[in-house]
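Residue-level structure breakdown
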Amino acid sequence: MKLRLVVFFTEALSYPLSLLLRWRRKKEAVLHISYSVHIAYYTVQILRENGIRADYLAVEKSKGWSKYDLLFEHTGSPARKRLSEFLFFWKVVAQYPIIHSHFMITHTESGWELKFLKMMGRKVVVHFRGCEIRDREKNMQLHPQVNICQVCDYNARICKGEVNKMRRALAAKYADYTIVTTPDMKDFVPAAEHIPFFTPPVEMPVAPAAVKNEAFRIVHVTNHPGIEGTAEIEAAINTLRGKGMHIDFVFLKGVDNDTVLREMQTADLSIGKMKMGYYANAQIESLHAGVPAVTWVRPEFVTDAINNSGLIITDIEHLAETLAYYISNPDALEAKRRIAKQSAQDLHNNAELAARYRRIYLSLR
């Protein structure tokens, strides 16, 4: 009963507050809301470096990341949580003219504040970054041979869960603009704009080619082995080991981003995203470290720039063959290595990407 009363009064008070505060002076910045992760933090830092005012609100703390401008945590009873959402919304979130929601995350558990943002004339950008927008059945139908839904680490609870269904409905109803980080996600939101990941704004010296590992060192980074194709990657490597190739396979799971970047710098190759149909953040970090990245990109997404980059495009069926070629041909590997770092900056030019964000924000003001 107490929760019902709190919900009733916070809802009732929000209507007049929306009208009274619609015209109050707003912050110039865009508020980015996300889980506590390095990608959202770096996004805001890069936007600032390119003259775009932005703040980062992290929802809940994380063991893996602790840098943000603002933090909101849900604590206490359901009634207390709702009251804290209400107070934080009107004190902080409502001041911003544009809310940029990563993963369709809001600081409230139910997204109840979105309708009041719209009543005040605020704009909402929804930024889908993964399985929160994918549809398992559709993915299996469109790409029956290989797709990340075939072995799902989440048991389909992300794409099928009630909370995520609610968030998708809210996005469809309230989003003024929709972004996806990889083009394969446009299968599920065709009207979205694909804006790639930024290159990490972290200086990463490239080790000289003369520095050799005792074994050929391959780094694989994922917290989701099923959707990444880890079993198939390990099988390909074991096939080559069976043929006498000395391979050191480094599988990084559940480690912080600093560890990932440090390990990348010692690798001969990295491998990842062998089932999704496009590459993602770990492959960009690999290139940024000067390490060629083996990945799979669906043919319709392959461009000359991708072919001529430090990315090595192959599929699961030909993975062992591709690895054997680069292990046995150091000159070919070195040619990829020489262009890796620059190709990351060419494919993911931070200034150009920031300009695309600026265009979106200006169009919404």
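Use the structure listed above.
Here's what I pulled together on the structure shown here. (Residues numbered from 1 in each chain as written. Predicted model: local features only at pLDDT ≥ 70, side-chain atom pairs only at ≥ 80, totals over all residues. Heavy atoms only, no water.)

**Considerations on the sheet that holds strand S5 (residues 123–128)**
What the seven strands build is an open sheet, ordered S3-S2-S1-S4-S5-S6-S7; its pairing is parallel. Strands at the two margins of the open sheet, each flanked by one partner only, are strand S3 (70–72) and strand S7 (193–194). Note that strand S1 (residues 30–34) and strand S4 (residues 98–102) share four bridges and pair parallel. Looking at S4, one finds that Val30 is bridged to Ile98. Together, S1, strand S2 (54–59) and S4 form the strand contacts of helix H2 (residues 38–49), whose direction differs from that of S2 by roughly 170 degrees. (Pairing = 2+ DSSP bridges. Helix = DSSP H or I, 4+ residues; strand = E, 2+ residues; numbered from the N terminus. Contact = heavy atoms within 4.5 Å. Axes fitted to C-alpha atoms, helices over the stretch in contact; angles between N-to-C directions.)

**Thoughts on the pairing of S5**
Buried residues dominate S5, accounting for five of its six residues. Where S4 and S5 come together, five bridges link them in parallel fashion. In the strand pairing of S5, His102 is matched with His127. Regarding the hand of the β-α-β motif, the stretch spanning S4, helix H4 (residues 114–119) and S5 is right-handed. Both S5 and strand S6 (residues 177–180) contribute to a ladder of four bridges, which runs parallel. Counterpart to Phe128 in the pairing with S6 is Val180. (Buried < 20%, exposed > 50% of the residue type's maximum accessible area, 1.4 Å probe, protein only. Right-handed = clockwise from strand over helix to strand, strands pointing away.)

**A word on H2**
An α-helical turn contains 3.6 residues, so a residue and the one three or four places further along point in the same direction. Here H2 is twelve residues long and its end C-alpha atoms lie 16 Å apart, about the 16 Å a rise of 1.5 Å per residue gives. Here H2 has its buried residues at His38, Ala40, Tyr41, Tyr42, Thr43, Val44, Gln45, Ile46 and Leu47. Looking one or two residues beyond H2, the residue adopting positive phi is Gly51, at roughly 80 degrees. (Expected span 1.5 Å × (residues − 1).)

**As for the sheet that holds strand S11 (residues 293–295)**
Spatial ordering of the open sheet is given by S9-S8-S10-S11-S12, a layout of five strands whose pairing is parallel. With one partner strand each, in any of the chains shown, strand S9 (247–252) and strand S12 (311–313) form the two edges of the open sheet. Adjacent strand axes in the sheet meet at a mean angle of 25 degrees, parallel and antiparallel pairs treated alike. Relative to strand S10 (residues 269–271), strand S8 (residues 216–221) is paired through three bridges, and the arrangement is parallel. Directly across from His220, in S10, lies its bridge partner Ile271. Contacting S8, S9 and S10, helix H10 (residues 257–264) runs over the sheet at an angle of about 155 degrees to S8.

Bear in mind that shape data such as this cannot, by itself, settle questions of function.
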